[in-house]
Every structure is written in structure tokens, then in C-alpha cells.
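Chain by chain, the residues run as shown.
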Amino acid sequence: MRSKQPTSCPLASASEQPRVGYVALAGRPNAGKSTLFNAFLGQRLSIVTAKPQTTRSRILGILTRPQSQIIFLDTPGLLEASYKLHETMAHQIDQAARQADLVLLLFDAARPKDRSALVKHFLEHARVPVLAVLNKIDLVQPTQLDGLQKSIADEFGIASPIPVSALRGDGLGKLLSHLEAQLPCGPKLYPDDMVAEQPERFFAAERIREVAFEHLEDELPYAINIHIEEFRQRPGHKTYIRAIIYVGRESQKGIVIGKKGMRLRSIGRKARAALEELLDEPVYVELWVKVRPDWRDKERDLREFGYL
Ligand SMILES: Nc1nc2c(ncn2[C@@H]2O[C@H](COP(=O)(O)OP(=O)(O)O)[C@@H](O)[C@H]2O)c(=O)[nH]1
Ligand SMILES: [Mg+2]
């Protein structure tokens, strides 16, 4: 692992020369990348569920501080590809890691050596500095923390990971100043009040997917895709959102709809609440379920759904 020493801004005082750079989040699915991303940004931009592989595309979040602008890239994480969709997800992380000035590699304190070969491969091929972070320390006895950090450092041949709990917010200030010091100096890239780059439609689809993930079991969450067909803000009326839940097979359609439409209605109710929270306005949601046979393996569908 390459590690960069903190650099100083050569020309002017720090107030004239902020630290600006891209920081990609890497690590195994479920390590807590999206939770950390949201904690840094102070809002729920990236969806989080207890199921692995929740994040499918690269999500960009901008944190502007008095002396810095850190552009975080949340990624699907390091995984083996069993569908073409997974290949595009793996590609997301490669791209994000290449575009970044720094990579935060998250380890899950509860499963620190999960698929270590995959993580080692990532470390060996990383082209930018990598900063290791040990997340979920709230799950570890304080007396065991030192030993855990050391065993990760030994196993992966890296410096001791910085301990945090993204869920509780422990250690985040320290981690932020650490990574800030490693970013290059330069002009800010985004206006101070800008947090996201992707449009509201994208985040709306992600919120619906998050709700659907929570309602579905086994393989099914991974077989769905949400497409917003219509997103209309109407003065004096509720915002109208019509979304399609695509599934890969006819049999999956019945499961998503549920007995007498119960599951779909429940997803719809929760989705409306989630979208009202996201948009901060009353929303009317219409959900439809459609079959797009084996979309996860079809380049054309992946392109249409925005994964390619
Ligand atoms: N106990 C604990 N759980 C966490 C922490 N960070 C994330 N989680 C949980 O781990 C699961 C996966 O989190 P997520 O952010 O989606 O992981 P990702 O796949 O790496 O993006 C969710 O259930 C989170 O609530 C943490 O610091 N402590
Ligand atoms: Mg995630």
C-alpha cells in the first residue's frame, strides 16, 4: 500500500488554497461504506440496508468545509461478478478508485477478513494512496480493538486502520482531518451549497429501491430495478411520481405484488413516506411491476437503466 505524507499548500495561506479532492470508498459489501458516506455528508444520500450489494452505481457526494472540499464517491464495493450487472458494479469501483486522489478502504470489525484475497488484490493494484479504516468498532470490546487493528495490519501488510463507527459517528472528525491533509490544494470544484450531482429522479429511484429491498427476501432484491417513468412537480398539487419495478422473471412479479396486491401496496406506502422525506413535499406515488427477462445479464437493459 502506498501512503502519502501530508502535503503543505505551497503558495498561499490555507484560506486561499483549500484542500480539494476525490475520495473513493472501497471495501467489501456491507462494510458500511454508504453509512460512512451519509455520515460525512450529514444526510441520507446513499441508500443503506442490512443486505449486501445495496449500492449499485457510483454515487457522488460533496462535503464543503471552511478549508476543504471533499468529493466522496460511494461505490458498490469489492465483489465477485456473477452477473453482468456485477461486472458493471465492479467496474464502478475501478473507475472511482482511478478517479480518486485517495481511497478509503473499509474493514468491517465484525468480519475483518471477509474475502481477504479480493481485498489484497485490490491493494496490490491500487494506483492511488489507500487509507485503511476499521468500521463498526461499536461491535468490538474496547480491550480487543488494538489487537484487531494489528491483526488487520499484519494480514494485509498495511498501516494500522483508523477506527470509526459510522453508525454512531465515533472517530469521524479525526478521520476527516486525516484524509483532508492528504488531498491536493486547489480551487473548489463545486459551489459551496452543492451536495449532490445526480438529479432528484435518481435519488427518488434509489429510495424506492431501498424500500423494496426491505420488503423482499433472498435473491429477489437483487433481481429488481426501479425506473422513474414520470416525475412531475405540479404547483398546488402533490408531486406525481410513477415508477416501474422491473423484475427478471414472471414468477418474481407475483412475489413483488403479493397476495391481493398487499406487498406492492405496502411498498407504495413506505415509498411515499421515503420520497416525502427526500423531497420535503407531499408526493403521490404510483408503482407498477413489469418483467424484463434477465435484465441483469443484458447489456441493452443495463444501458437503458443507467448502469453502463
Ligand atoms: N453496528 C454498526 N453497524 C453499521 C455501522 N456502519 C454500518 N453499519 C450497518 O451495516 C449494514 C451495511 O451498511 P452499508 O452502509 O449499506 O454498507 P455498504 O454495503 O458498505 O455500503 C447496515 O445494516 C448498516 O446499518 C457501524 O459503524 N456499526
Ligand atoms: Mg453501499
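Relevant structure appears above.
Conventions adopted
- Residues numbered from 1 in each chain as written.
- Chains lettered and ligands numbered in written order.
- Predicted model: local features only at pLDDT ≥ 70, side-chain atom pairs only at ≥ 80, totals over all residues.
- Heavy atoms only, no water.
- Pairing = 2+ DSSP bridges.
- Helix = DSSP H or I, 4+ residues; strand = E, 2+ residues; numbered from the N terminus.
- Axes fitted to C-alpha atoms, helices over the stretch in contact; angles between N-to-C directions.
- Contact = heavy atoms within 4.5 Å.
- Donors = N, O, S within 2.8 Å, 3.2 Å for Na, K, Ca; no water.
- Buried < 20%, exposed > 50% of the residue type's maximum accessible area, 1.4 Å probe, protein only.
- Phe/Tyr/Trp six-rings, centres within 6.5 Å; stacked < 30°, edge-to-face > 60°.

Re the sheet that holds strand β8 (residues 239–247)
Spatially, three strands are ordered β7-β8-β9 in an open sheet, and the strand pairing comes out mixed. Every interior strand has two partners, whereas the edge strands, β7 (225–232) and β9 (283–291), have only one. Strand-to-strand twist across the sheet, computed as the mean angle between neighbouring axes with direction ignored, equals 20°. Sheet topology note: the β7/β8 ladder contains seven bridges and is antiparallel. Directly across from I228, in β8, lies its bridge partner A243. Helix α6 (residues 200–215) rests against β7, β8 and β9 of the sheet, and its axis sits at about 130° to β7. In the packing of helix α8 (residues 262–279) onto the sheet, the strands contacted are β7, β8 and β9, and the crossing angle to β9 comes to about 135°.

Remarks on the coordination of the magnesium ion (ligand 2)
Bound to the magnesium ion (ligand 2) on the protein side are S34 (OG) and T55 (OG1), at distances that span 2.0 to 2.2 Å. Residue S34 is located in helix α1 (residues 33–41), and its partner T55 is located in the loop between α1 and β2 (59–65); the two are separated by 21 residues in the primary sequence. By relative accessible area, which is 8% here, S34 ends up buried.

What about the packing of aromatic side chains?
Taken as a whole, this structure holds eight aromatic pairs when the rule is applied. An angle of 10° between the planes, with centres 4.6 Å apart, marks the rings of F40 and F72 as stacked. Placement of the pair is F40 in helix α1 and F72 in strand β3 (residues 68–74), with a sequence separation of 32 residues. For the pair formed by F40 and F72, the shared burial category is buried.

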